[in-house]
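Here are the chains, one letter per residue:
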Amino acid sequence: MSEKKNILVTGGAGFIGSHTCIELLEAGYGVVVVDDLSNSSEVALDRVRSIVADSVAAGKAPADAVDDLKFYELNILDRDALSAVFDENKIDAVIHFAGYKAVGESVEKPLEYYHNNLTGTFVLCDVMREHGCKSIVFSSSATVYGEPESVPLSESAEKKPATNPYGWTKWMIEQILTDLHTSDPEWDVVLLRYFNPIGAHESGLIGEDPKGIPNNLVPYVAQVAVGKLAAVRVFGDDYPTPDGTGVRDYIHVVDLARGHVAALKWMAGKTGVEVVNLGTGKGSSVLDVVHAFERACGKELPYEIQPRRAGDIATNYADPAKAKSLLGWEAEYDLDRMCEDSWRWQSNNPNGYAE
Ligand code: WQD
């Protein structure tokens, strides 16, 4: 690899990880992905290469950007394998996405979630420390706020993690990384709290590819639009919101990916711990999403009102002011654009990355 700054991306073949790889390569970073492919596909990385090759041809990425993506298929719990990656590559900073992320499944399998997400982070940080790499950007979640007392949510809002092991792992890892910095102030930690990432790369080549029936709203709506599912299930229309359905801060995954590049640029040469929300600051209801998707796909989408889903809250959206003042980052894309890009991905790849 060249003299570029090299970023290790754990979980780099996943939904947010793959989009972040593109932004990193275009911005002139070298990228080393480690991913065990347990919930992702190597095809995503082939497509990242082809998207970046187009960017190179268009003069939007450095000439060597495609060669600067390396991939190691490994689980970060495999200490020796992870350590070998650091031996073979000069890693300047880590973006840590790898982890289990299904809220419902985490309630069924708490031991697996705590083990994979926490122990994975312990092994990663220990190997980083051993190799003198002390800069980490962590993929946290607005789930750490739990049921908000008021919106918009700023970073200083009280943390009341949702009552599920997935949410607790995000909250605990934030605390662990903060303690790590307290013990050794050379650590540089940025905790990015994502709101609801949706959308896909504008090429339609990469996007979200959930296994089985999607848990999250937009992948579900996309599968209704493509004819794989019969009707959108709207979980509750009696919330104290303008149309009675739940309100969330949906953020385009490309905006989110760019937030990581902004964080890396900001943190270079600094030490400390910073917590930053990545959201748009705008709330949209379930029905707003359904109607935006209808505009994107050009057809009406059937939906049915169902009871509230256990554990859901009425409303959350970000106060994104700190991301702007600290990182110089703000979201660009609106809900219509998010749905247009989701639809392009879903209609071009009805079965995701599967043949
Ligand atoms: C959004 C809205 C639902 C599905 C979760 C995690 C969070 C983060 C993102 C990531 C809510 C409603 C949903 C459906 C519906 N995790 N809905 N019908 O719950 O805000 O956040 O995903 O890894 O930590 O908690 O996202 O997309 O599931 O729901 O009506 O079929 O859509 O009730 O109002 P959520 P979501």
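Here, every reference points to the structure presented above.
In this text, all values refer to a predicted model and were calculated from it rather than measured experimentally.

### Examining the nonpolar core
Ranked by size, the top nonpolar core spans 48 residues in total, and within it Ile 7, Leu 24, Val 31, Val 48, Leu 192, Leu 264 and Leu 278 carry the most contacts. The element that contributes the greatest number of residues to this core is helix H8 (residues 253-267), accounting for nine residues. If near-sequence neighbours (up to four positions away) are discounted, Leu 24 is found in contact with Ile 7, Val 9, Tyr 29, Val 31, Ile 95, Val 261 and Leu 264. Listed in part, the 27 residues of the second largest apolar core include Tyr 72, Leu 74, Ile 76 and Trp 187.

### What about the packing of helix H1 (residues 15-26) against helix H2 (residues 42-57)?
Their axes nearest at 10 Å, the elements H1 and H2 cross at an angle of 30°. It follows from the interaxial angle that H1 and H2 lie roughly parallel. Regarding H1 and H2, the two cross each other, and that crossing is right-handed. Touching Ser 18, Cys 21, Ile 22, Leu 25 and Glu 26 of H1 are Ala 44, Val 48, Ile 51, Val 52 and Ser 55, all from H2. Taken together, the residues of the contact of H1 with H2 sort by class into seven nonpolar, two polar and one charged.

### What about the pattern of salt bridges?
For the coordinates displayed, the defined rule picks out 22 salt bridges. Note that Glu 23 is salt-bridged to Arg 258, the shortest N-O span being 3.1 Å. Highlighted residues: Glu 23 in helix H1 and Arg 258 in helix H8, separated in sequence by 235 residues. Glu 23 sits in the buried class, given a relative accessible area of 9%. The salt bridge partner of Arg 309 is Asp 312, with a shortest N-O separation of 3.1 Å. Owing to a relative accessible area of 36%, Arg 309 belongs among the partly exposed residues under this scheme. A relative accessible area of 24% places Asp 312 in the partly exposed class. What emerges from the salt-bridge pattern is a single network uniting Arg 79, Asp 126, Arg 129 and Glu 130.

### Considerations on H8
With 15 residues, H8 ought to run about 21 Å at 1.5 Å a step, and its terminal C-alpha atoms sit 21 Å apart, in line with that. Counting buried positions over the 15 residues of H8 gives 13, a clear majority of the element.

### Considering the site of the ligand
Of all residues adjacent to the ligand, which total 18 residues, the nearest are Leu 217, Arg 233, Arg 248, Arg 309 and Asp 312. Separating an oxygen atom of the ligand from a side-chain N or O atom of Asn 196 is a distance of 3.0 Å. Measuring from an oxygen atom of the ligand, one finds a side-chain N or O atom of Arg 248 at 2.6 Å. Within the complex, 87% of the 690 Å² of free accessible area of the ligand lies under protein. Take the shell around the ligand: its biggest share by element is three residues, from strand S8 (residues 232-235).

Criteria and thresholds
- Residues numbered from 1 in each chain as written.
- Predicted model: local features only at pLDDT ≥ 70, side-chain atom pairs only at ≥ 80, totals over all residues.
- Heavy atoms only, no water.
- Core = buried A, V, L, I, M, F, W, Y, C linked by side-chain atoms within 4.5 Å.
- Buried < 20%, exposed > 50% of the residue type's maximum accessible area, 1.4 Å probe, protein only.
- Helix = DSSP H or I, 4+ residues; strand = E, 2+ residues; numbered from the N terminus.
- Contact = heavy atoms within 4.5 Å.
- Axes fitted to C-alpha atoms, helices over the stretch in contact; angles between N-to-C directions.
- Parallel < 35°, antiparallel > 145°, perpendicular 65-115°, else oblique.
- Left-handed = near helix turned anticlockwise from the far one by under 90°.
- Nonpolar A, V, L, I, M, F, W, Y, C, P; charged D, E, K, R; others polar.
- Salt bridge = Lys/Arg side-chain N within 4 Å of Asp/Glu carboxyl O.
- Expected span 1.5 Å × (residues − 1).
- Near = heavy atom within 4 Å.
- Polar contact = N/O pair within 3.5 Å; in protein donor to acceptor, adjacent residues only side chain to side chain.
- Areas by Shrake-Rupley, 256 points an atom, 1.4 Å probe, with all protein chains shown as cover.

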